[in-house]
Structures are given as structure tokens and as C-alpha cells.
Amino acid sequence: MRDKLTKMPSFAWVAVTNKCNLSCGHCQRRLLKKQGLIIPKEMSARVFEKLEQELIPSLKKIQFGGNNFGEQLSASNWDDIFARVSKFNIDISLVSNAILLTTERMNVMIDAGVEFNFSLEGITSETYESVRGCNFENFITTVTEACRKKAGTRSRVNLGFTALRDNVTEIPKLLSIAAGLGVDRVTITHFVPWEEGQRQNSLVYHKALTNQILGKARELARDYKLLVDLPLLFTTDESPKNKDLSGDIAPMSLAPCYHPWESVSISEKGNVMPCCASSVVMGSLEDSSFSEIWNNRKYQKLRKTVNSSRPLSFCRNCGLRGLEVGDMKPLSFCSDEGILLGAIGKSDHARSSRYTLRTVKNSLLKTGLGSKLVPYAMEIYRKHVAFYAIAILDGRKPALSKKDLRSKSQKKHHEK
């Protein structure tokens, strides 16, 4: 496998803004905003022009959103950006809370064959509005309208549901309503707590109930003939030993990763990252061309290590391993409690290194000097230090054993 590529990625997550019109109770954005770590930002014209000239022509699909905490329809220049991207012969996807999707915008996007990914955390007024703070009936009206108008077009309507203790029992109802409306796909993912007060809402603490609901959801998906992505079942004391059936018990071995060859994530700041699950910056479009970043030392190191016995730590336990972008089959997402509780410590309250660093950072942010220096220092670290620091520290860790790797299922990548 050669590390330097002439083939460009075929898929890109792109965020054109980090602004959002909501302040959802489960979202990390709420905490980051309170700490002063989110400053409203939109993608500069210079960065977007680089994407327009260097990256977008090679893409098969672009997804706006899903790689930051922003609502992309909040961008002041969204309509202009969409008009320019829709001129290319590529598939377009949008992650949105649907609140700012007017009928006029919807009509334009459906004509362009957009795939809508509407996010929600409840299928009743009580649960939805307790998290989102906006009208549930208006949301359902928008979804219903989109499902009706997409008939006979290339457009698709998907629902993304964040599952937590307060809403996990609503999943069967969610699938019933989705099937009735004509939704194309439902993706159910775990809520990840970022503060100690959110701990008990993680499904890590409700494994038996969650496994029961997910089992029922899998049956309903078959009955409704609905494409549904689900988290893997939790491993419990009652789980069959060494069971590794697709969609049943979370496998302990590492599946291969395809993203460093096939996809890329671009933030509103122009930062280039390997995928939507990583905040480690590979380079900045403010400083370099995309082709320079795509083949720089960081990317070559990542491609060399990601599927080796020494993957970098931000790839080693990534929940996207084994998932191919655009896969039209049901996907199974990670249910590893060490990953799901990484920000606040594991279920036995052991403190992870991430938790310790986050605690120090939060303490500094409460001071006058820290509130000014920490955001700047974090940006410098992510852009210029993080990748190399992780590589050095990971070099001291023991290599994974052969049984930890699923090398036989590793996809071959060829430079084209």
C-alpha cells in the first residue's frame, strides 16, 4: 500500500458554520458555549473557493453537517453555497434539525436530489420539546412534507435519533411513525455524556433495558422493511461468550478503517480532519492547498498505522471502524462503555486521562486569564501539536495482538 495518493477522497463532511438556532440539553455545544469555547464562525469565502476548486469536483458525495455542533442552515450564505455546490454532479446530504428548512428551501433541495438527515431525541411532544425547546408538531409537519415531496425524485429523508435513558423506550414508536411517513432510513446512536450530571442518562447504566429495546427494534425493522442503523447490544453477564454475530454483541477485535483513503472532514475554520469522529487537525486550508494536506506527513503516517498493530489512539477505539461511507445496508455502531463514557470516566468511576485533562481545562476556564488563553492554546494544540504528541505517546504502547485485528476483512485500497 502506497502512502502518497493521487486519488482524491470521494466523500466529505463539510461544516460551513458552527452557529446553531437551538440549545439542546444533551448537546456538548451548550457546555462549550458556556465556557467560551465556541465563537460564532462561518467558513470564509477563501476556504470555500479552495474546496470548490480542489475537492468538490472529485467527490461523489458531500454531507453538510454532522461533523460539528452547528446547524448548517444557520449560515448567512447557505443559499449561495448550496446553489454553487448543486451545480456539480454529486450527491448532496444535509444534517439538520429542520427548524430553518422553509418550504422554498425544501423545494430547491428536493429538485437537487438532496438527502435530508433530520435529527431528533424524542417521538412525543414531551420528550422532544424537553430536549429541543421547540414545537414537536412543527417538526413532524416538516418531515411529513419532505416525505411527500420526495416521491418520484432522487431525494431521501432519514431520521437520526440520539438514544438516552429518557427516550430509549420510544424507539419502537419512532420506527412505526417513520415507516408510516415513508422515511428511508433511521439511524439510532448513543447519547455521549459530557458532564457528570448527565451520567445516568447514558444507556451504559441501562444495559438490559437497552438490549431489550434494540432487539425489538431489529425485529420491527424487518417487519416494516425499513433500513435501520442500530448500536450493538451491550455485553452483559448474561451475554453468550465469544459471540460475534453482526448486530448482536459488540466485537472486541478492531475492524479495518477506510476513511484516510476515502473521506475527509472540513470544519468551518478550514481545518482538515480524517473523519467526523476525530478533531485532530491534519492541516488548514487557510495555510495550504487541499492536495498538499492530503499527502502531508500526517496523512502518510495515519495511512501507515491505522490498520496496523499500532494504530494511533484516536483511531484505535473509534466507533466508525468497519463502517464504509454511503453503505446501503444496516450499520452497527459501537456500544463500548469505555468510549461512551470517555469524557466523564468509566462506569466504575475510574478517571480516564481524557477526564483528567478536561477537569484541568475546566478549572482554568473559570479564571480570567485561563478563559482567554485556553481557547487559543487548544486551537494551537489541535492544529500543530496533537497529532505528533499522540504519535509519540502511542509509540510507547504495546502493539495489538493478531487476535485484536481483523486483517482478513481489511479492504484493499489501490491508488488510482
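Up top is the structure.
Residues numbered from 1 in each chain as written. Predicted model: local features only at pLDDT ≥ 70, side-chain atom pairs only at ≥ 80, totals over all residues. Heavy atoms only, no water.

Formed by 91 residues in total, the largest nonpolar core has its most connected members in Phe64, Phe118, Phe139, Leu159, Val186 and Ile266. In terms of residue count, the dominant contributor to this core is helix α6 (residues 136–149) (six residues). Not counting residues within four places of it along the chain, the set of residues in contact with Val186 comprises Leu159, Leu174, Leu175, Ala178, Leu226, Leu227, Val228 and Asp229. Of all hydrophobic cores here, the second largest spans eight residues; its members include Phe11, Cys275, Leu331 and Phe333. (Core = buried A, V, L, I, M, F, W, Y, C linked by side-chain atoms within 4.5 Å. Buried < 20%, exposed > 50% of the residue type's maximum accessible area, 1.4 Å probe, protein only. Helix = DSSP H or I, 4+ residues; strand = E, 2+ residues; numbered from the N terminus. Contact = heavy atoms within 4.5 Å.)

In spatial order, the strands read β10-β9-β8-β1-β2-β3-β4-β5-β6-β7-β11; together these eleven strands make up an open sheet with mixed pairing. Bordering the open sheet on either side are β10 (283–284) and β11 (332–333), each of which pairs with just one other strand. Relative to strand β3 (residues 91–96), strand β2 (residues 61–64) runs parallel, the two sharing four bridges. Across the sheet, Ile62 pairs through a bridge with Ile92, a residue of β3. (Pairing = 2+ DSSP bridges.)

With that settled, consider the environment of Leu32. Relative to the elements of secondary structure, Leu32 occurs in helix α1 (residues 28–34). As for Leu32 and Phe69, which are separated by 37 residues in sequence, their C-alpha atoms are 9.8 Å apart. Setting aside anything within four residues of it in sequence, one finds Leu32 in contact with Leu37, Ile38 and Phe69.

Per the stated rule, a full pass over the model turns up 15 salt bridges. Residues Arg46 and Glu286 are paired through a salt bridge, measuring 3.2 Å at the closest nitrogen-oxygen approach. Note that Arg46 is positioned in helix α2 (residues 45–55) and Glu286 in the loop between β10 and α10 (290–294), a separation of 240 residues in sequence. Glu337 is the partner of Lys207 in a salt bridge, and the nearest nitrogen-oxygen pair spans 2.6 Å. Here Glu337 lies in helix α13 (residues 337–340) and Lys207 lies in helix α8 (residues 207–224), a separation of 130 residues in the sequence. (Salt bridge = Lys/Arg side-chain N within 4 Å of Asp/Glu carboxyl O.)

Moving on, we get to the pairing of strand β8 (residues 263–266). Neither face of β8 is exposed, since Ser263 and Ser265 on one face and Val264 and Ile266 on the opposite face are all buried. Across two bridges, β8 lies against strand β9 (residues 271–273) in antiparallel orientation. Following the sheet pairing, Ile266 is matched in β9 by Val272. Connecting the antiparallel pair β8 and β9 is a turn made up of four residues, with Gly270 showing a positive phi of about 90 degrees.

For the rest of this paragraph, the subject is the pairing of β2. Neither face of β2 is left uncovered, since the one carrying Lys61 and Gln63 and the one carrying Ile62 and Phe64 both have all their residues buried. Bridge count for strand β1 (residues 11–14) against β2 is four bridges, and the pairing is parallel. Looking at the pairing, Trp13 lines up with Gln63 of β2. Crossover β2 to β3 through helix α3 (residues 78–85) is right-handed. (Right-handed = clockwise from strand over helix to strand, strands pointing away.)

What follows deals with the side chain of Thr305. Here Thr305 lies in helix α11 (residues 297–305). You can call Thr305 buried: its relative accessible area is 9%. Ignoring any residue separated from it by four or fewer positions in sequence, one finds Thr305 in contact with Arg310, Pro311 and Leu312.

Right, let's talk about the packing of α11 against helix α15 (residues 368–394) for a bit. Look at α11 against α15: their axes get within 11 Å of each other, and the N-to-C directions meet at 30 degrees. Compared by their axis directions, α11 and α15 come out roughly parallel. Both α11 and α15 take part in a crossing whose hand is left-handed. From α11, Lys298, Lys301 and Leu302 reach across to α15, where they touch Lys383, Phe387, Tyr388 and Ala391. (Axes fitted to C-alpha atoms, helices over the stretch in contact; angles between N-to-C directions. Parallel < 35°, antiparallel > 145°, perpendicular 65-115°, else oblique. Left-handed = near helix turned anticlockwise from the far one by under 90°.)

Below, the discussion takes up unusual backbone geometry. The backbone phi angle of Ala98 is positive, close to 75 degrees, even though this residue is not glycine. Following the sequence through the fold, Ala98 ends up in the loop between β3 and α4 (103–111). Ala98 sits in the buried class, given a relative accessible area of 2%. The phi torsion at Lys225 lies on the positive side, around 55 degrees, for a residue other than glycine. Mapped onto the fold, Lys225 is located in the loop between α8 and β7 (227–231).

On inspection of all chains with the given rule, the structure shows ten aromatic pairs. Both rings, one in Tyr128 and one in Phe139, keep their centres 5.2 Å apart while their planes meet at 35 degrees; by these two values the pair is tilted. Here the residue Tyr128 occupies a position in helix α5 (residues 125–132), and Phe139 occupies one in helix α6, the gap between them amounting to eleven residues. You can call Tyr128 buried: its relative accessible area is 0%. Looking at Arg303, its charged tip hangs above the ring of Trp294, at a distance of 4.5 Å from the centre. (Phe/Tyr/Trp six-rings, centres within 6.5 Å; stacked < 30°, edge-to-face > 60°. Lys NZ or Arg CZ within 6 Å of the ring centre and 35° of its normal.)

So, on to the packing of α5 against α6. Two numbers describe how α5 lies on α6: the axes approach to 9 Å, and their chain directions differ by 100 degrees. Taken together, α5 and α6 sit at an angle that is classed as roughly perpendicular. Side by side, α5 and α6 meet where Ser125, Tyr128 and Glu129 of the first sit next to Phe136, Glu137 and Phe139 of the second.

Everything listed here is a matter of coordinates, which is why it stays silent on function.
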